[in-house]
There are 2 protein chains.
Amino acid sequence: MSVHANLRGTGSDRSGRRRTGEVWLIGAGPGAADLLTLRAVRLIQRAEVIVYDHLADADCLDFAGPGAELICVGKRAGCHSTSQAAINAVLLARAKAGQCVVRLKGGDPGIFGRAGEEIEHLAQHGIRVGIVPGVTAALGCAAALGIPLTHRGIVRSLHLVTGHCRSGEALDLDWPRLADPAGTTALYMGRHNLSLLAARLIEAGLPARTPAVAVENGTLPSERRIFASIARLPQAVRTQAGNGPLLVIVGDVVALAPDWTTGRLVDLALAQHSSA
Amino acid sequence: MSVHANLRGTGSDRSGRRRTGEVWLIGAGPGAADLLTLRAVRLIQRAEVIVYDHLADADCLDFAGPGAELICVGKRAGCHSTSQAAINAVLLARAKAGQCVVRLKGGDPGIFGRAGEEIEHLAQHGIRVGIVPGVTAALGCAAALGIPLTHRGIVRSLHLVTGHCRSGEALDLDWPRLADPAGTTALYMGRHNLSLLAARLIEAGLPARTPAVAVENGTLPSERRIFASIARLPQAVRTQAGNGPLLVIVGDVVALAPDWTTGRLVDLALAQHSSA
């Protein structure tokens, strides 16, 4: 955990009164800082402490007030990873000290954001917790691709799942439930398990040619899009992706993207490569 | 369709140059105007025409520039409903006339927002279309309830589905796929079919006691929350809900809400009523 004061001013409480602390769990959105909500910006401006992680766009922190203390607990952007217990402890300590604490997370805090663990811990200690929703990655990436995630008369459901599992655990998802040719599936944190995920979905009945896309650094200037069929996507990601956060969308809506032709080209190239 | 100019200024194009028009499909978020994104606000400010519907909070339109023309095509807020074909036509006509057009929709435009139909129509005519994602209703309502939609080690997926179907069609959802005790289901536009939905989910294996909540006017001051088991929710909604937009969340995460005890009370009251 790296802690450093934001040196654009002082952090002192001018009123000097003892207040009740509060914690705001805030979704920073899918990447680009201008996808923050107005409510998120207002609370970031008001925060005395901001505990943040996994922010794709550090500009989100530019809204912090001059006296705000910024505490990085994320793995990316040169910070060391911090355990959930340590994060819970710092949130609690600052709230107990009467501070207005913002816990800033990428996307929406309630979608694979471990908000539940932080809420439970703080509630057990009587701390007030507010949640500010954010644009979750699947919605941000789909918008960047120019596609809807549902499509009237064709795709009537959207399934958000995580490909991440606890260290040492096997990925135990309900494959038949996920392999839905009539729905769209958005896969969060699926890079490590992408080959397994694709294989299991196909075994469970999803057609191998189902259109898919991996979006890296979605909504940022560095965004990269890798289109392929679900069968070909793992290899395409291995050869083309960098190390940024990856979101995978699987389903017929992907073929509505203006860039989808590159998916067909990737499929063709990989097929030729395999048979060479 | 009601059309009225925003009379705070003039709508004339001062440059007089013929420009290429563009259409922005913008998510207005789940209700409260301060859940708009910064990007949405900037584009609303820039728009020459705003075609809007289903806005839970009319304050979203306060960001419109003084010369912007506001066109209501929604069913609510005293407007008459407009056919999709008529909406497509007005978007196309204004973009062809070189205007900067904002199409403002509640929630996220790509989630049950019929964005696909508008994108296809505009793309066929060579109009540039941008999408600005928004906070979809499920995320906004969950944040207001104080619950996460996924919970590490317990709930690893979120399923968004619509209970709305085309006029005259039967509701034909994949019930076994939806009846997932290990996932959270968010049901959009499910008021009309709620009894059927609950019955089918239970038939397909979802425990009748699964916690559920119907959120009406989510994130607004008029928000109303109706907690009950999935088996009891339809009757509770019939007796307690008003006529506002309704989102239903089903799954064990609902019991994490501080207000969930009222759900148990509703179950008890309805059970006594039934046996009386």
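Just above, that's the structure.
Cut-off values and rules
- Just so you know, the residues in each chain are numbered from 1, in the order the chain's sequence is written.
- A letter from A marks each chain and a number from 1 marks each ligand, given out in the order of writing.
- Totals for whole chains, interfaces and linings use every residue, but because this is a predicted model, local features are given only for residues with pLDDT of at least 70 and side-chain atom pairs only at 80 or more, for both listing and counting.
- Side-chain calculation: all heavy atoms of the structure are included, whereas hydrogens and water are not.
- Working definition: with a 1.4 Å probe on protein chains only, accessible area under 20% of the residue-type maximum means buried, over 50% means exposed, and in between means partly exposed.
- For helices the rule is a DSSP run of H or I covering at least 4 residues; for strands it is a run of E covering at least 2, with both sets numbered from the N terminus onward.
- At least two DSSP bridges between two strands are needed for those strands to be called paired.
- Least-squares fitting of one copy onto the other uses the C-alpha atoms of those residues that reach a pLDDT of at least 70 in both copies.
- Any two residues having at least one pair of non-hydrogen atoms within 4.5 Å are treated as being in contact.
- Think of a 1 Å grid over just the protein atoms. A cavity is a set of points where a 1.4 Å probe fits yet cannot get out, a pocket is an open set with protein on both sides within 12 Å along at least five of seven lines, and lining residues have an atom within 4 Å of a point.
- Grid points are joined across faces, edges and corners, and a volume is the space filled by probe spheres set on the points.
- Residues are grouped as follows: nonpolar covers Ala, Val, Leu, Ile, Met, Phe, Trp, Tyr, Cys and Pro; charged covers Asp, Glu, Lys and Arg; every other residue, Gly included, is treated as polar.
- Ring geometry is summarised as follows: Phe, Tyr and Trp rings, the Trp one being its six-membered ring, pair when their centres sit within 6.5 Å, and such pairs are stacked at plane angles under 30 degrees, edge-to-face over 60 and tilted between the two.
- Note on terminology: a nonpolar core comprises buried Ala, Val, Leu, Ile, Met, Phe, Trp, Tyr and Cys residues joined through side-chain atoms within 4.5 Å.
- Note on method: axes are straight lines fitted to C-alpha atoms, helices fitted across the in-contact stretch only, with angles between N-to-C directions ranging 0 to 180 degrees.
- Any carboxyl oxygen of Asp or Glu within 4 Å of a side-chain nitrogen of Lys or Arg constitutes a salt bridge here.
- Relevant arc is that of directions from the helix axis to the C-beta atoms, nothing else.

## Side note on the pairing of strand β2 (residues 22-27) of chain A
All names here are of chain A. β2 sits mainly inside the fold: five of its six residues count as buried. Direction of pairing for β2 relative to strand β5 (residues 100-105): parallel, over a ladder of six bridges. Among the inter-strand pairings, leucine 25 is bridged to a residue of β5, identified as arginine 103.

## Focus on the pairing of strand β11 (residues 246-250) of chain A
Residue and element names in this part refer to chain A. Counting buried residues along β11, five of its five residues qualify, which places the element largely inside the surrounding structure. Both faces of β11 are covered, namely the face carrying Leu246, Val248 and Val250 and the face carrying Leu247 and Ile249. Inspection of the sheet shows strand β8 (residues 184-188) paired to β11 by four bridges, in the antiparallel sense. Bridge pairing in β11 links alanine 186 to isoleucine 249. As defined by bridge partners, strand β9 (residues 211-216) adjoins β11 across five bridges and the pair is classed as antiparallel. Among the inter-strand pairings, valine 215 is bridged to a residue of β11, identified as leucine 247.

## Notes on the relation of the copies chain B and chain A
If you rotate chain B by 180° and push it 0.0 Å along the axis, it lands on chain A with an RMSD of 0.0 Å. The relationship between the two copies is best expressed as a two-fold rotation axis. Most of the interface of chain B is mirrored in chain A, where 100% of its interface residues again form contacts.

## Brief notes about unusual backbone geometry
Residues and elements named next belong to chain A. Residue arginine 114 is not a glycine yet carries a positive backbone phi of 60°. Tracing the backbone through its elements, the reader meets arginine 114 in the loop between β5 and α3 (115-124). Of note, asparagine 217 is a non-glycine position whose phi angle comes to about 55°, a positive value. Here asparagine 217 lies in the loop between β9 and β10 (224-229).

## Notes on the environment of leucine 70 of chain A
All names here are of chain A. Residue placement: leucine 70 occurs in strand β4 (residues 69-72). Given the relative accessible area of 7%, leucine 70 is considered buried. Residues leucine 70 and glutamate 48, 22 residues apart in the sequence, show an inter-C-alpha distance of 8.7 Å.

## Remarks on empty space enclosed by the protein
Summary: where empty space remains is shown by rolling a probe the size of a single water molecule over the atoms. All names here are of chain A. The final tally for this structure, using the stated rule, is six cavities of 30 Å³ or more. Its boundaries defined by the atoms lining it, the largest cavity holds a volume of some 70 Å³. Contributing to the lining of the largest cavity are 13 residues, with Thr185, Leu187, Leu197, Leu201 and Val250 lying nearest its centre. Secondary structure elements with two or more residues in the lining of the largest cavity: α5 (175-178), β8, α6 (194-203) and β11. Sort the elements by how many residues they give to the lining of the largest cavity and α6 lands first, with four residues. By residue class, the composition of the lining of the largest cavity is twelve nonpolar, one polar and no charged.

## Thoughts on the packing of aromatic side chains
Residue and element names in this part refer to chain A. Counted under the stated rule, the structure contains four aromatic pairs over all chains. Between phenylalanine 227 and tryptophan 260, the ring centres sit 6.1 Å apart and the planes meet at 70°, which makes this aromatic pair edge-to-face. One end of the pair, phenylalanine 227, is in strand β10; the other, tryptophan 260, is in the loop between β11 and α8 (261-275), and 33 residues separate them in sequence. On the basis of relative accessibility, which here comes to 3%, the residue phenylalanine 227 falls in the buried class. Classification of tryptophan 260 by relative accessible area gives buried; the value is 8%.

## Quick word on helix α1 (residues 38-46) of chain B
Of all the positions in α1 of chain B, only Arg39, Ala40, Val41, Leu43 and Ile44 of chain B are classed as buried. For α1 of chain B, the elements touching its buried residues are α1 (38-46) of chain A together with β2 (22-27), β3 (49-52), β5 (100-105) and β6 (128-132) of chain B.

## Focus on the nonpolar core
Counting 50 residues, the largest nonpolar core has Leu160, Tyr188 and Ile249 of chain A together with Leu160, Tyr188 and Ile249 of chain B as the members making the most contacts within it. Not counting residues up to four positions away in its chain, the partners in contact with leucine 160 of chain B are Arg156, Ser157 and Leu158 of chain A together with Ile111, Phe112, Ala138, Ala186 and Tyr188 of chain B.

## Concerning the sheet that holds strand β10 (residues 224-229) of chain B
The strand order β10(A)-β9(A)-β11(A)-β8(A)-β7(A)-β7(B)-β8(B)-β11(B)-β9(B)-β10(B) describes an open sheet built from ten strands, whose pairing is mixed. In the strand order of this sheet, the two ends are held by β10 of chain A together with β10 of chain B, each with one partner. Neighbour-to-neighbour, the strand axes of the sheet open up by a mean angle of 15°, direction not taken into account. Two elements, strand β7 (residues 157-162) of chain B and strand β8 (residues 184-188) of chain B, share five bridges in a ladder whose sense is parallel. Bridged to leucine 160 of chain B within β8 of chain B is alanine 186 of chain B.

## Looking at the environment of glutamate 118 of chain B
Residue and element names in this part refer to chain B. Of note, glutamate 118 is situated in helix α3 (residues 115-124). With 128 residues separating them along the chain, glutamate 118 and leucine 246 place their C-alpha atoms 24 Å apart. Each residue touching glutamate 118, except ones within four places of it in the same chain, is listed here: Leu25, Gln84, Ile87, Asn88, Leu91, Arg103 and Lys105.

## As for the pattern of salt bridges
Residue and element names in this part refer to chain A. Under the defined criterion, the tally for this structure stands at 32 salt bridges over all chains. As a salt-bridge pair, glutamate 216 and arginine 224 come within 3.2 Å of each other at their nearest N and O atoms. Counted as one network, the salt bridges with shared partners bring together Asp53, Arg103, Lys105 and Glu118.

## Quick look at helix α6 (residues 194-203) of chain B
Residue and element names in this part refer to chain B. Those residues of α6 not exposed but buried are Leu194, Leu197, Ala198 and Leu201. Summarising the axial view, the buried residues of α6 lie within an arc of 95°, below the 170-degree limit, and thus occupy one face. As for α6, its buried residues are in contact with α5 (175-178), β8, α7 (233-240) and β11 (246-250). Of the residues trailing α6, glycine 205 is marked for its positive phi of about 120°.

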